[in-house]
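Listed below, chain by chain, are the residues.
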Amino acid sequence: KGRITMLKLAVISLVIAAVLAVLGFGGAAGTFVGIAKILFFIALAVFVLFLVLGILAGKGIKDAID
(Lines give C-alpha, C1' and ligand atoms only; values in the text may rest on other atoms or scores of the structure.)
Protein backbone atom coordinates (compact mmCIF):
# COMPACT_ATOMS: atom_id res chain seq x y z
CA LYS A 1 0.00 0.00 0.00
CA GLY A 2 1.49 3.33 -1.00
CA ARG A 3 4.73 1.84 -2.35
CA ILE A 4 6.45 3.80 -5.08
CA THR A 5 8.76 1.69 -7.20
CA MET A 6 11.48 2.91 -9.55
CA LEU A 7 9.34 2.08 -12.56
CA LYS A 8 6.50 4.20 -11.19
CA LEU A 9 8.95 7.05 -10.65
CA ALA A 10 10.20 6.63 -14.23
CA VAL A 11 6.65 6.81 -15.58
CA ILE A 12 5.88 9.85 -13.42
CA SER A 13 9.04 11.53 -14.73
CA LEU A 14 7.98 10.83 -18.32
CA VAL A 15 4.52 12.30 -17.68
CA ILE A 16 6.06 15.42 -16.14
CA ALA A 17 8.42 15.67 -19.13
CA ALA A 18 5.49 15.43 -21.54
CA VAL A 19 3.58 18.17 -19.71
CA LEU A 20 6.65 20.41 -19.64
CA ALA A 21 7.29 19.79 -23.33
CA VAL A 22 3.71 20.75 -24.20
CA LEU A 23 4.05 23.93 -22.12
CA GLY A 24 7.28 24.82 -23.91
CA PHE A 25 9.84 24.09 -21.21
CA GLY A 26 12.17 22.02 -23.40
CA GLY A 27 15.21 22.10 -21.12
CA ALA A 28 13.31 20.93 -18.06
CA ALA A 29 11.50 18.29 -20.13
CA GLY A 30 14.86 16.94 -21.32
CA THR A 31 16.05 16.75 -17.73
CA PHE A 32 13.01 14.72 -16.68
CA VAL A 33 13.46 12.38 -19.66
CA GLY A 34 17.05 11.82 -18.53
CA ILE A 35 15.88 11.07 -15.00
CA ALA A 36 13.30 8.61 -16.36
CA LYS A 37 15.98 6.82 -18.41
CA ILE A 38 18.30 6.51 -15.42
CA LEU A 39 15.52 5.17 -13.18
CA PHE A 40 14.43 2.68 -15.84
CA PHE A 41 17.92 1.28 -16.33
CA ILE A 42 18.51 1.05 -12.57
CA ALA A 43 15.22 -0.86 -12.21
CA LEU A 44 16.21 -3.12 -15.10
CA ALA A 45 19.62 -3.84 -13.55
CA VAL A 46 18.06 -4.64 -10.16
CA PHE A 47 15.55 -6.95 -11.87
CA VAL A 48 18.32 -8.85 -13.69
CA LEU A 49 20.37 -9.07 -10.48
CA PHE A 50 17.46 -10.55 -8.52
CA LEU A 51 16.62 -12.88 -11.41
CA VAL A 52 20.15 -14.29 -11.40
CA LEU A 53 20.19 -14.57 -7.61
CA GLY A 54 16.82 -16.36 -7.68
CA ILE A 55 18.05 -18.85 -10.27
CA LEU A 56 21.22 -19.53 -8.27
CA ALA A 57 19.24 -19.95 -5.05
CA GLY A 58 16.85 -22.34 -6.80
CA LYS A 59 19.76 -24.45 -8.01
CA GLY A 60 21.23 -24.47 -4.50
CA ILE A 61 17.97 -25.68 -3.00
CA LYS A 62 17.58 -28.32 -5.73
CA ASP A 63 21.12 -29.59 -5.08
CA ALA A 64 20.45 -29.70 -1.31
CA ILE A 65 17.27 -31.73 -1.81
CA ASP A 66 18.93 -34.23 -4.17
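In case you missed it, the structure is sitting above this.
Scoring rules and cut-offs
Residues numbered from 1 in each chain as written. Predicted model: local features only at pLDDT ≥ 70, side-chain atom pairs only at ≥ 80, totals over all residues. Heavy atoms only, no water. Helix = DSSP H or I, 4+ residues; strand = E, 2+ residues; numbered from the N terminus. Rg over C-alpha atoms; globule rule 2.2 N^0.38 Å. Buried < 20%, exposed > 50% of the residue type's maximum accessible area, 1.4 Å probe, protein only. Expected span 1.5 Å × (residues − 1). Arc of directions from axis to C-beta. Contact = heavy atoms within 4.5 Å.

Asks: I tried to follow the overall build of the chain on my own but got confused; where do I start?
Replies: Check the secondary structure of the chain and you find 2 helices and 0 strands. Against the compact-globule benchmark of 11 Å for 66 residues, the chain has a radius of gyration of 18 Å, which places it well outside the compact range. For the chain, the proportion of its 66 residues judged to be buried stands at 12%.

Asks: Got a minute to help me understand the environment of Ile65 in this structure?
Replies: Mapped onto the fold, Ile65 is located in helix α2 (residues 26–65). Overall, the relative accessible area of 67% leaves Ile65 in the exposed class. Distance from Ile65 to Val11, taken between C-alpha atoms, is 42 Å for residues 54 residues apart in sequence.

Asks: I'm lost on helix α1 (residues 6–23) in this one. Help?
Replies: Quick reminder: α-helices carry 3.6 residues per turn. Residues three or four places apart thus point the same way. The first and last C-alpha atoms of α1 sit 26 Å apart over 18 residues, in line with the 26 Å expected at 1.5 Å per residue. Of all the positions in α1, only Ala10, Ser13, Ala17 and Leu20 are classed as buried. Down the axis of α1, the buried set is contained in an arc of 90°. They therefore lie on one face. Away from the buried face of α1 by more than 90 degrees, exposed residues Val22 and Leu23 are located. Buried residues along α1 sit against α2. Looking at the residues trailing α1, positive phi occurs at Gly24, about 100°.

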